[in-house]
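The residues making up each chain are set out below.
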Amino acid sequence: DPPNDKTPPQDSEDEQDIYLEKLDHGLSSLENVAIIIAHLWATLDDAIQKRIFVDLENNEIDVSHARDVLRDRAKNIGDGGGEQVQKDKVDQLLTLVYSLYMPDEVRPGDE
(Lines give C-alpha, C1' and ligand atoms only; values in the text may rest on other atoms or scores of the structure.)
Protein backbone atom coordinates (compact mmCIF):
# COMPACT_ATOMS: atom_id res chain seq x y z
CA ASP A 1 0.00 0.00 0.00
CA PRO A 2 1.27 3.51 -0.79
CA PRO A 3 1.84 5.77 2.23
CA ASN A 4 -1.09 7.97 3.17
CA ASP A 5 0.02 11.61 3.00
CA LYS A 6 -3.32 12.94 4.19
CA THR A 7 -3.73 13.82 7.83
CA PRO A 8 -6.92 12.40 9.29
CA PRO A 9 -9.45 15.05 10.33
CA GLN A 10 -9.50 15.87 14.03
CA ASP A 11 -12.40 14.45 15.91
CA SER A 12 -14.55 16.58 18.17
CA GLU A 13 -12.78 15.27 21.27
CA ASP A 14 -9.44 16.59 19.99
CA GLU A 15 -11.05 19.92 19.12
CA GLN A 16 -12.54 20.09 22.62
CA ASP A 17 -9.13 19.36 24.18
CA ILE A 18 -7.53 22.11 22.08
CA TYR A 19 -10.27 24.56 23.10
CA LEU A 20 -9.85 23.68 26.79
CA GLU A 21 -6.09 24.18 26.52
CA LYS A 22 -6.66 27.60 24.93
CA LEU A 23 -9.00 28.49 27.80
CA ASP A 24 -6.24 27.61 30.26
CA HIS A 25 -3.82 29.89 28.37
CA GLY A 26 -5.89 33.08 28.38
CA LEU A 27 -8.76 32.54 25.95
CA SER A 28 -11.22 32.70 28.83
CA SER A 29 -10.08 36.24 29.68
CA LEU A 30 -10.24 37.25 26.03
CA GLU A 31 -13.78 35.88 25.77
CA ASN A 32 -14.84 37.84 28.85
CA VAL A 33 -13.36 41.07 27.45
CA ALA A 34 -15.13 40.45 24.11
CA ILE A 35 -18.44 39.96 25.95
CA ILE A 36 -17.97 43.22 27.86
CA ILE A 37 -17.09 45.08 24.65
CA ALA A 38 -20.14 43.62 22.92
CA HIS A 39 -22.48 44.61 25.75
CA LEU A 40 -21.09 48.15 25.76
CA TRP A 41 -21.33 48.33 21.97
CA ALA A 42 -24.94 47.11 22.09
CA THR A 43 -25.94 50.21 24.09
CA LEU A 44 -25.79 52.04 20.73
CA ASP A 45 -24.40 55.08 22.56
CA ASP A 46 -22.35 57.01 20.00
CA ALA A 47 -19.73 58.16 22.52
CA ILE A 48 -19.23 54.64 23.89
CA GLN A 49 -19.00 53.10 20.43
CA LYS A 50 -16.54 55.76 19.29
CA ARG A 51 -14.36 55.19 22.37
CA ILE A 52 -14.39 51.42 21.89
CA PHE A 53 -13.55 51.80 18.21
CA VAL A 54 -10.67 54.22 18.93
CA ASP A 55 -9.27 52.03 21.72
CA LEU A 56 -9.44 48.91 19.56
CA GLU A 57 -7.88 50.73 16.61
CA ASN A 58 -5.07 52.12 18.81
CA ASN A 59 -4.25 48.55 19.79
CA GLU A 60 -4.49 47.30 16.19
CA ILE A 61 -7.58 45.25 16.98
CA ASP A 62 -10.54 45.06 14.63
CA VAL A 63 -14.11 44.68 15.86
CA SER A 64 -14.25 41.51 13.77
CA HIS A 65 -11.77 39.91 16.19
CA ALA A 66 -14.28 40.27 19.03
CA ARG A 67 -16.99 38.79 16.80
CA ASP A 68 -14.74 35.82 16.00
CA VAL A 69 -13.99 35.20 19.68
CA LEU A 70 -17.70 35.27 20.54
CA ARG A 71 -18.60 32.94 17.63
CA ASP A 72 -15.98 30.45 18.82
CA ARG A 73 -17.33 30.64 22.35
CA ALA A 74 -20.86 30.03 21.06
CA LYS A 75 -19.64 26.94 19.18
CA ASN A 76 -18.04 25.56 22.36
CA ILE A 77 -20.74 26.18 24.95
CA GLY A 78 -21.26 23.03 26.94
CA ASP A 79 -24.61 21.46 27.65
CA GLY A 80 -24.53 22.08 31.41
CA GLY A 81 -28.02 22.95 32.54
CA GLY A 82 -29.69 21.16 29.67
CA GLU A 83 -30.33 21.69 26.01
CA GLN A 84 -32.60 24.75 26.41
CA VAL A 85 -30.07 26.53 28.65
CA GLN A 86 -27.35 25.81 26.09
CA LYS A 87 -29.54 27.14 23.25
CA ASP A 88 -30.35 30.29 25.25
CA LYS A 89 -26.65 30.95 25.93
CA VAL A 90 -25.76 30.46 22.28
CA ASP A 91 -28.61 32.77 21.21
CA GLN A 92 -27.41 35.46 23.66
CA LEU A 93 -23.86 35.26 22.33
CA LEU A 94 -24.96 35.35 18.71
CA THR A 95 -27.12 38.39 19.45
CA LEU A 96 -24.00 40.10 20.81
CA VAL A 97 -22.06 39.04 17.70
CA TYR A 98 -24.79 40.55 15.53
CA SER A 99 -24.61 43.84 17.46
CA LEU A 100 -20.84 44.15 16.91
CA TYR A 101 -20.98 45.64 13.44
CA MET A 102 -19.90 49.08 12.35
CA PRO A 103 -22.70 51.22 10.88
CA ASP A 104 -21.23 50.88 7.37
CA GLU A 105 -20.75 47.10 7.58
CA VAL A 106 -23.25 44.65 6.12
CA ARG A 107 -24.47 42.13 8.65
CA PRO A 108 -24.95 38.52 7.56
CA GLY A 109 -28.50 38.10 6.35
CA ASP A 110 -28.87 41.82 5.55
CA GLU A 111 -27.39 41.54 2.04
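What counts as what
Here the residue numbers are simple positions, counted from 1 along each chain's written sequence. The predicted nature of this model means local features are confined to residues of pLDDT at least 70 and side-chain atom pairs, given and counted, to a pLDDT of 80 or more, with totals for whole chains, interfaces and linings taken over all residues. Neither water nor hydrogens contribute to the side-chain values; these are computed over all heavy atoms in the structure. Working definition: helices are DSSP H or I runs of at least four residues, strands are E runs of at least two. Numbering for both runs from the N terminus. Residue exposure (1.4 Å probe, protein chains only): buried if accessible area is under 20% of the type maximum, exposed if over 50%, otherwise partly exposed. Two residues qualify as a contact provided that any one of their heavy atoms is within 4.5 Å of a heavy atom in the partner residue. Areas reported here follow the Shrake-Rupley algorithm with a probe of radius 1.4 Å; residue values treat only the protein chains shown as occluding. Note on geometry: axes are lines fitted to C-alpha atoms, helical ones only across the stretch in contact, with angles between N-to-C directions running from 0 to 180 degrees. Each angle is binned into one of four classes, with values under 35 degrees roughly parallel, values over 145 roughly antiparallel, values of 65 to 115 roughly perpendicular, and all other values oblique. Rotating anticlockwise by less than a right angle from the far helix to the near helix defines a left-handed crossing, while the corresponding clockwise rotation defines a right-handed one. Under the convention adopted here, Pro, Cys and the residues Ala, Val, Leu, Ile, Met, Phe, Trp and Tyr are nonpolar, Asp, Glu, Lys and Arg are charged, and Gly plus all remaining residues are polar. A helix is expected to span 1.5 Å for every residue after the first. Here the bend at each residue means the angle between axes fitted to two seven-residue stretches, the one ending at that residue and the one beginning there.

A. Inspection of the overall build of the chain at higher detail. When helices and strands are tallied, the chain shows four helices and zero strands. Shown N-terminal to C-terminal, the secondary structure of the chain runs as helices and strands in the order α-α-α-α. Across the 111 residues of the chain, 23% fall into the buried class. Partitioning the contacts of the chain with sequence separation of at least 6, the portion at a separation of at least 24 is 57%. When the accessible surface of the chain is split by element, carbon and sulfur atoms take 51% of a total near 8,400 Å².

B. Just the packing of helix α1 (residues 12–41) against helix α3 (residues 63–75), in detail. One way to put it is that α1 packs onto α3 with a least axis distance of 9 Å and a crossing angle of 120 degrees. Accordingly, the angle class assigned to the pair α1 and α3 is oblique. With respect to the hand of their crossing, α1 and α3 are arranged in left-handed fashion. Of the residues in α3, those in contact with Tyr 19, Leu 30, Glu 31, Asn 32, Ala 34, Ile 35 and Ala 38 of α1 are Ala 66, Val 69, Leu 70, Asp 72 and Arg 73. Here the contact of α1 with α3 is composed, by residue class, of eight nonpolar, one polar and three charged.

C. How the structure looks around α1. Under the 1.5 Å per step criterion, the end-to-end length of α1 is only 33 Å for 30 residues, more than 12% shorter than the ideal 44 Å. At Asp 24, α1 shows its largest bend, some 75 degrees. Three or more residues of α1 are buried, namely Tyr 19, Leu 27, Glu 31, Ala 34, Ile 35, Ile 37, Ala 38 and Trp 41. Buried positions along α1 lie against α2 (46–58), α3 and α4 (83–99).

D. Region of interest: unusual backbone geometry. Its identity as a non-glycine residue notwithstanding, Leu 44 has a phi of 65 degrees, on the positive side. Mapped onto the secondary structure, Leu 44 falls in the loop between α1 and α2.

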